[in-house]
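Given next are the chains, with one letter for each unit.
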Amino acid sequence: MRSSILCSMVAMLLAHSAAAATYQPTSPIERRYAAEGPWATTTRVTERACDREGNVCDIWYPTDLGSNPLKHVRNGFRHPVIVFANGTADTIAADYAATFLRHLASWGFVVIRSRDGATGQGDTVLDTAKFLLDSADDATSPLYGKVDTDNVGLAGHSQGAATTTLLFSRNTAIFKTYVPIETPIRPFCVIARCTIDPGALANVSRGSIFYIGGDLDAVSSLPTNLGYYVPTSGKVDKVMGMIAGGSHGEIQANPDCANVGIPLYCNIGVYPLLGYPTAWFMWKLQGAADGPAAFATDGELAHAAPNWLGVLSNVSER
């Protein structure tokens, strides 16, 4: 009997996974940002360590630095920065979340992440941000004079999502907005030294945050994300959304789940994470005018079922 029930559950999950592979954005704003951005991109690995643990960094950036095709600007544009915090791993491969990170670069961002797989309290994340900003002040760097140091965002996956939320809860000055993806349950964070104090979330006074989970992710379920969203201060913009059929490893897909190789850990691929996270960063770091229409209480994301579920927001239409 137990075997029959288990087989039935696995069959349903696999069927859901097969259906999820056909994920398509359903609304105009998501479709816009899920598409490749107008910048060609370059990827490089730093020649020296970028954090206190001796890790190198991967950087994705627009090839034609200083240009902005969206505003018909050929030079003089300064690119906002997105720092990324990895999930737990002994070794972070160069292709970890690479499709997602390169996609952000195609929308005009300079994107950087250390290969640290134990981001914990955020020390190496802050090191990475400082490394990038120092590069922007280095006359020998291709980033020299091309970075908007006033507009820096932070995204993270799994343990890195907890680190992202933890730094948000501390009102960390360097970051303007945050996107934690698949933030894990609190017992995991006790082990990984990334525990988030709900009381600190209630006292946040700067920044903004977009919590993302998966409704088939036991590590970052709806109740887990509610446990972070609900106590977060209403003084800042906050949004939460659950990827329907999403499991814990969608962001690691490049772009589908073939490279991830763990059954039921990745059901859909990176596709759901290309549109709305990019729209969020475009709004918060590049001033895109369609941000409120996407994320307001009655905005596009709130009506994105069946692809997105459990959406909550305190964003006004403005």
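Check the entry above for the structure.
The notes below deal with the structure included here. These figures come from a predicted structure and were not determined experimentally.

Parameters at a glance
Residues numbered from 1 in each chain as written. Predicted model: local features only at pLDDT ≥ 70, side-chain atom pairs only at ≥ 80, totals over all residues. Heavy atoms only, no water. Helix = DSSP H or I, 4+ residues; strand = E, 2+ residues; numbered from the N terminus. Buried < 20%, exposed > 50% of the residue type's maximum accessible area, 1.4 Å probe, protein only. Contact = heavy atoms within 4.5 Å. Core = buried A, V, L, I, M, F, W, Y, C linked by side-chain atoms within 4.5 Å. Phe/Tyr/Trp six-rings, centres within 6.5 Å; stacked < 30°, edge-to-face > 60°. Lys NZ or Arg CZ within 6 Å of the ring centre and 35° of its normal. Expected span 1.5 Å × (residues − 1). 1 Å grid on protein atoms, 1.4 Å probe; cavity = no way out; pocket = protein on both sides within 12 Å on 5 of 7 lines; lining within 4 Å. Points joined across faces, edges and corners; volume = space filled by probe spheres on them. Nonpolar A, V, L, I, M, F, W, Y, C, P; charged D, E, K, R; others polar. Lys, Arg positive; Asp, Glu negative; His and termini not counted. Salt bridge = Lys/Arg side-chain N within 4 Å of Asp/Glu carboxyl O. Polar contact = N/O pair within 3.5 Å; in protein donor to acceptor, adjacent residues only side chain to side chain.

### Focus on the side chain of Asn307
In this fold, Asn307 is placed in the loop between helix 10 (291-295) and strand 9 (308-313). Residue Asn307 is classed as buried on the basis of its relative accessible area of 13%. In this structure, Asn307 is in contact with Tyr23, Gln24, Thr26, Met242, Ile243 and Ala244, ignoring residues within four places of it in sequence.

### Details of the nonpolar core
Nonpolar side chains in soluble globular proteins tend to end up buried together. Counting residues in each nonpolar core, the largest one holds 49 residues, and the members touching the most others are Phe100, Phe109, Phe210, Phe281 and Phe295. Of all the secondary structure elements, the ones that give two or more residues to this core are helix 2 (28-34), strand 3 (79-85), helix 3 (98-105), strand 6 (177-181), strand 7 (208-214), strand 8 (237-243), helix 9 (272-286) and helix 10. With nine residues, helix 9 is the largest single contributor of residues to this core. Core analysis: the second largest hydrophobic core is formed by 38 residues, Phe175, Cys194, Leu201 and Tyr229 among them.

### Remarks on the packing of aromatic side chains
Counting across every chain of the model gives 15 aromatic pairs. Connected via pairs of aromatic rings, a cluster forms that spans Phe210, Tyr276, Trp280, Trp283, Phe295 and Trp308. Lying across the ring of Tyr229, Lys238 places its NZ or CZ 4.4 Å from the centre. Geometry around Trp280 places Lys284 over its ring, the cationic atom sitting 5.5 Å from the centre.

### A few points about unusual backbone geometry
Most of the time, phi is negative for any residue but glycine, and the peptide bond is trans. A cis geometry characterises the amide bond from Asn254 onward to Pro255, with omega recorded as -5 degrees. Position of Pro255 relative to the elements: it lies in the loop between strand 8 and helix 9. Omega for the bond connecting Ala305 with Pro306 falls within 30 degrees of zero, at 10 degrees, which places this linkage in the cis form. Turning to its location among the elements, Pro306 is positioned in the loop between helix 10 and strand 9. Phi is positive for Ala97, close to 60 degrees, though the residue is something other than glycine.

### Quick look at helix 9
Relative to the 21 Å expected for 15 residues at 1.5 Å per residue, helix 9 spans 21 Å between its end C-alpha atoms, a close match to the ideal helical length. Of the residues trailing helix 9, Gly287 is marked for its positive phi of about 75 degrees.

### Topic: the environment of Leu285
With respect to the helices, strands and loops of the structure, Leu285 is situated in helix 9. Residues Leu285 and Ser114 lie 171 residues apart in sequence; the distance between their C-alpha atoms is 21 Å. Excluding residues within four positions of it along the chain, Leu285 makes contact with Pro80, Val81, Ile82, Phe109, Asn151, Val152, Gly153, Lys176 and Thr177.

### A short note on the layout of surface pockets
The computed volume of the largest pocket comes to approximately 240 Å³. Around the largest pocket, the lining residues are Arg44, Thr46, Glu47, Arg48, Phe131, Asp134, Ser135, Asp138, Thr140, Ser141 and Pro142. Ranked by residue count, the leading element in the lining of the largest pocket is helix 4 (residues 123-136), at three residues. Across the lining of the largest pocket, the residue classes tally to two nonpolar, four polar and five charged.

### Side note on the side chain of Asp116
Relative to the elements of secondary structure, Asp116 occurs in the loop between strand 4 (110-114) and helix 4. For the buried Asp116, which has no salt bridge, the nearest side chain bearing the opposite charge is Arg52, at an N-O separation of 8.5 Å. At a separation of 3.1 Å, a polar atom in the side chain of Asp116 contacts the main-chain amide nitrogen of Ala118. Non-local contacts of Asp116, meaning those with residues more than four positions away in its chain, are made with Asp51, Asn55, Asn86, Ile92 and Thr124.

### Thoughts on the pattern of salt bridges
For the coordinates displayed, the defined rule picks out eight salt bridges. Where Asp127 meets Arg52, a salt bridge forms, and the shortest distance between an N and an O atom there is 2.8 Å. One end of the pair, Asp127, is in helix 4; the other, Arg52, is in the loop between strand 1 (41-45) and strand 2 (57-62), with 75 residues separating them in the sequence. Taking the relative accessible area as the measure of exposure, Arg52 reaches 54% and is therefore exposed. For Asp58, the salt bridge goes to Arg115, with nearest N and O atoms at 2.8 Å. Remark: Arg115 occurs in the loop between strand 4 and helix 4 and Asp58 occurs in strand 2; sequence separation between them is 57 residues. The buried category is assigned to Asp58, whose relative accessible area is 2%. The network of salt bridges with common partners includes Arg52, Asp123 and Asp127.

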